[in-house]
Amino acid sequence: MKVNGRGKVVKLTEQSCEACQAGAPKVSADEQQALLPELPGWEVIELGGEQQLQREYRFRNFAEAQVFTNQVADLAESENHHPAILLEWGRVTVRWWTHKIGGLHRNDFIMAARTDSLFESCQAD
Ligand SMILES: C[C@H](O)[C@H](O)[C@H]1CNC2=NC(N)=NC(=O)C2=N1
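In this text the structure is predicted, and so the values were computed from the model without any measurement.

(A) Main features of unusual backbone geometry. A positive phi angle is found at Asn80, which is not glycine, with a value near 50°. Note that Asn80 resides in the loop between helix H2 (62-79) and strand E5 (84-88).

Listed below in structure tokens is the structure:
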């Protein structure tokens, strides 16, 4: 939970990535438990010994899944923080983790929340 100078809670969707260096701290298990309630539908998985955040999004067809995929890709480029994205007919699976630290950084939780915002807005269209 991040609180600004005036004591206001800053939601993950309102934050942007910090430039993270190798050796930056990983998000601890306790911090993960504190952040995950803001990320319904996401789970922490482990792949190749590295923790990652993963969520699956459903769509009516391939074309709508493709549009969302490109929006996530644009977001990643804008923040210079990139996910793994699997695009299938009617489904997109997104995984966020930080290569530099081989695990989960706060940036990954921010980007997962930003990804959810993209999904909500593309569903509203
Ligand atoms: C050189 C470039 O800035 C780095 O490789 C960035 C690019 N995007 C990245 N994305 C992710 N998920 N983790 C990284 O460590 C990372 N590093």
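(B) Structural context of a nonpolar patch on the surface. Taken together, the side chains of Met1, Val3 and Val9 define a hydrophobic patch exposed on the protein surface, amounting to about 290 Å² of accessible area. Locating Met1 in the fold gives a position in the segment before strand E1 (2-3).

(C) Structural detail: the environment of Thr115. Tracing the chain through its elements places Thr115 in helix H3 (residues 106-124). When the C-alpha atoms of Thr115 and Thr98 are compared, they prove to be 16 Å apart, with 17 residues separating the residues in sequence. Leaving out residues up to four positions away in the same chain, Thr115 has contacts with Trp42, Tyr57, Phe68, Val72, Leu75, Val94 and Trp96. A polar atom in the side chain of Thr115 sits 3.0 Å from the side chain of Trp96.

(D) Broad picture of H3. When the terminal C-alpha atoms of H3 are compared, their 28 Å separation across 19 residues agrees well with the 27 Å that a helix rising 1.5 Å per residue should span. Restricting attention to buried positions, one finds in H3 the residues Asn107, Asp108, Phe109, Ile110, Met111, Ala112, Ala113, Thr115, Asp116, Leu118, Phe119 and Cys122. If you follow the buried residues of H3, they end up packed against helix H1 (29-35), strand E4 (50-58), H2 and strand E6 (91-96).

(E) Representation of the pairing of E6 within the structure. The pairing of E4 with E6 spans six bridges and is classified as antiparallel. The residue bridging Tyr57 from the neighbouring strand is Val92, located in E6. One ladder, built from five bridges, connects E5 with E6; its direction is antiparallel. Note that in E6 the partner of Glu88 across the bridge is Arg91. The antiparallel hairpin formed by E5 and E6 contains two residues in its connecting segment, where Gly90 sits at a positive phi of about 75°.

Criteria and cut-off values
- Residues numbered from 1 in each chain as written.
- Predicted model: local features only at pLDDT ≥ 70, side-chain atom pairs only at ≥ 80, totals over all residues.
- Heavy atoms only, no water.
- Helix = DSSP H or I, 4+ residues; strand = E, 2+ residues; numbered from the N terminus.
- Patch = residues over 30% accessible without salt bridge, like charges linked within 9 Å, V, L, I, M, F, W, Y side chains within 5 Å.
- Areas by Shrake-Rupley, 256 points an atom, 1.4 Å probe, with all protein chains shown as cover.
- Salt bridge = Lys/Arg side-chain N within 4 Å of Asp/Glu carboxyl O.
- Contact = heavy atoms within 4.5 Å.
- Polar contact = N/O pair within 3.5 Å; in protein donor to acceptor, adjacent residues only side chain to side chain.
- Expected span 1.5 Å × (residues − 1).
- Buried < 20%, exposed > 50% of the residue type's maximum accessible area, 1.4 Å probe, protein only.
- Pairing = 2+ DSSP bridges.

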